[in-house]
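# Coordinates in review
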Amino acid sequence: MAVAELTALLGEDHVSTDPVDLKVYSKDFYTPVAKAFLGSVAEAGILVLPANTEEVAAAVRIANKYRISVTPFALGTNMASNAIPSKEGAIIMDLRLMRGVKVSPEAQAVTIQPAVSFGYLQSILNQYGLKVPSHIGGGQGGFIGNWMQANVRPWNAMGGMTDPVITAEIVLPTGEIMRTGSQAMKDENYKEKNPYVRMAFGPDIVGLFRGSIAAFGIVTSVTLRCYSGGEAEKRLKIGFKNLESLMKASDEIQYHRIGTATLGVNRENVFSTITTPVERKDMNKKMLDQIKQSLSEWILFINLEGAKEQVKAEERVVQKIVEKYGGKDVKLSELLMERLDEFSTHHGGAQIRALAEPTSMIALWCQVPRTHILQFYNDSNEKMKELDIRHPTTNEPFFGRWFFVPHDRGVTNLIGVDLDFTVLEEESFRKAKEFLVNYLPIMEKNYGAIPLVMGPLADLILMPSYTDLLKALKKLIDHRNIMNPNRLIMGMENIHLTAEIAGYRTGLKKYFKLLKKALETDGQNIGDAARKMINELSEEIEKLEKLDESHYTTSLEGYQRM
């Protein structure tokens with residue numbers, strides 16, 4: 001039995017089938033929405049806590065033996081159901097014991113394991129004068145689970161221009177351990193690993209696992225590029241009347257290559273994160289309105305780092321730019337300014353967001369070209385007005401908590417919205433679901449791309465050749481479909497291969513033509529069996545012509561038949 005073998009491997013304290021233990025691994029922020037669209041949500045069957053890569057690999061081999069699906073879990077801060085089981089009775093691979101950090105100051109790099117959070121990593125790097133390559137994720141959010149496997153984008157110029165992941169160690173669905181880049185050498189040939197070259201032997205393999213949502217394997221460690229922050233740091237908070245003014249100022253700041261991080265958020269976003277639910281409940285409406293009105297409609301955070309003279313010079317340039325577009329320094333009470341600082345760095349984020357409202361939430365975000373940001377924002381707000389979406393606790397019109405993150409020096413932008421609702425109120429839940437359905441066409445109309453594409457969404461919005469390749473890779477790497485099944489792509493059990501079908505169809509057509517030609521030139525000597533074969537070929541070709549191309553993927557067999 002799988003449980004007995006896992007217990008023998010990891011020990012009784014590291015394996016559980018207790019429903020109380022498993023329940024907490026079977027839901028997150030997104031679960032009510034997932035239930036609404038999928039009908040039900042799977043629950044875990046076995047919980048395991050491996051302590052190292054070798055134990056992860058051995059546990060995966062056991063899962064493979066019994067064909068039990070595996071879902072990795074690290075810190076549990078993801079809000080898109082990535083860390084909850086996608087198949088009933090799955091093994092939850094809780095990696096919280098794997099918290100290793102190895103800093104290489106000379107290379108300005110660090111190797112970390114899955115349970116290393118942004119905050120913990122930064123506390124270690126502080127000792128070496130280094131910074132994390134991303135500010136997104138919250139102090140307690142995991143880098144590997146969020147940034148690496150779920151494609152969460154950074155809003156840091158040092159990590160936003162290029163992918164800071166250099167190499168990775170991965171347990172494949174077979175239970176084999178694989179290392180990428182310059183650390184891919186056999187152990188007996190290369191005992192001292194060099195993890196600092198990403199593309200060393202052939203193609204960029206680590207990129208395959210970036211954003212894969214563990215569909216191709218469990219990432220057990222990554223080596224990341226860090227950066228030195230310099231002797232001085234300053235975080236500016238500038239208020240604007242509208243998104244358009246904020247974007248113009250942000251564009252000019254990006255153009256001059258100023259700052260290591262830039263983030264724009266709307267008033268609702270800031271208000272719900274610098275005031276707690278308890279305060280909003282205890283304060284009278286007049287006090288709450290005063291706090292809200294003291295905030296600008298939009299606030300731009302700009303992080304400056306470097307030599308003292310450099311930071312001072314950049315601050316002067318920023319002030320000239322923002323004044324041109326009506327920007328003004330944000331002024332709040334000492335307590336609220338302290339919370340605002342926390343929110344604007346990796347130390348805030350998820351833990352403050354979790355306190356935002358005692359309700360459920362949909363977090364929607366996508367990458368949009370600079371030229372379509374305003375249209376995307378306006379289209380989304382129009383849809384919220386049309387649906388008459390209201391705040392679940394105040395019942396006032398609610399247009400979401402928006403954020404705006406320039407990427408690649410402003411060429412593209414990450415924009416998103418958090419929408420609160422409550423499953424306790426049917427109308428609130430219905431409107432949230434309806435907006436979610438409408439969000440995709442709004443995104444497509446404005447040339448948006450979702451960094452995190454999951455399951456049914458892949459076939460719905462992506463071109464067949466792209467999903468075909470993903471499915472073919474999934475079938476090649478995980479032919480038993482045990483690693484987080486249906487999370488990245490759906491329908492692994494019904495794969496029809498494009499080249500195989502196309503090649504087969506082409507071969508039939510050629511054979512059909514040859515037989516017809518033979519019948520026309522020498523019909524007297526062709527018997528009834530040949531005529532029957534022609535009819536059968538005609539029917540088979542007609543049937544293949546009707547096949548839905550969205551079911552296809554590529555295959556070697558297909559090319560061999562062509």
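Refer to the structure printed above.
Residues numbered from 1 in each chain as written. Predicted model: local features only at pLDDT ≥ 70, side-chain atom pairs only at ≥ 80, totals over all residues. Heavy atoms only, no water.

### Thoughts on the overall build of the protein chain
Per the secondary structure count, the protein chain includes 22 helices and 20 strands. Out of the 562 residues belonging to the protein chain, those deemed buried represent 53%. Taking contacts inside the protein chain between residues at least 6 apart in sequence as the whole, the part at least 24 apart equals 73%. Surface exposure of the protein chain reaches about 26,500 Å², of which carbon and sulfur atoms provide 53%. (Helix = DSSP H or I, 4+ residues; strand = E, 2+ residues; numbered from the N terminus. Buried < 20%, exposed > 50% of the residue type's maximum accessible area, 1.4 Å probe, protein only. Contact = heavy atoms within 4.5 Å. Areas by Shrake-Rupley, 256 points an atom, 1.4 Å probe, with all protein chains shown as cover.)

### A few points about the sheet that holds strand β4 (residues 90–94)
The mixed open sheet is built from four strands, whose spatial order is β1-β2-β4-β3. With one partner strand each, in any of the chains shown, β1 (15–16) and β3 (70–73) form the two edges of the open sheet. Sheet analysis places β3 next to β4, joined by four bridges and oriented parallel. Its bridge partner being in β4, Val 70 is matched across the sheet by Ile 91. (Pairing = 2+ DSSP bridges.)

### Some remarks on the sheet that holds strand β6 (residues 109–112)
Note on sheets: strands pair through backbone hydrogen bonds, and any given pair is parallel or antiparallel. In space, the five strands of this open sheet follow the order β5-β6-β10-β8-β9, with antiparallel pairing throughout. Looking at strand neighbours, the two that pair on one side only are β5 (101–104) and β9 (177–179), the edges of this open sheet. Sheet twist, expressed as the mean angle between neighbouring strand axes with direction ignored, is 15 degrees. Examined bridge by bridge, strand β8 (residues 165–171) and β9 share three bridges and lie antiparallel to one another. Among the inter-strand pairings, Ile 170 is bridged to a residue of β9, identified as Met 178. Running at roughly 45 degrees to β8, helix α4 (residues 53–66) makes contact with β8, β9 and β10 (218–225) of the sheet. Here helix α5 (residues 118–125) sits on the sheet in contact with β5, β6 and β10, set at roughly 40 degrees to β5. (Axes fitted to C-alpha atoms, helices over the stretch in contact; angles between N-to-C directions.)

### Description of the packing of aromatic side chains
The relation between two aromatic rings is expressed through the spacing of the ring centres and the mutual angle of the planes. Throughout the structure, instances matching the rule amount to seven aromatic pairs. With centroids separated by 5.8 Å and ring planes inclined at 85 degrees, the aromatic side chains of Phe 376 and Tyr 439 adopt a geometry described as edge-to-face. Of this pair, Phe 376 sits in helix α16 (residues 373–387) while Tyr 439 sits in helix α17 (residues 426–445), and the two are 63 residues apart along the sequence. When its relative accessible area of 2% is taken as the criterion, Tyr 439 is described as buried. By the ring-pair criterion, three or more aromatic residues cluster together here, those being Trp 298, Phe 376, Tyr 377, Trp 402, Phe 435 and Tyr 439. Residue placement shows Arg 99 over the ring face of Tyr 120; its charged tip is 4.4 Å from the ring centre. (Phe/Tyr/Trp six-rings, centres within 6.5 Å; stacked < 30°, edge-to-face > 60°. Lys NZ or Arg CZ within 6 Å of the ring centre and 35° of its normal.)

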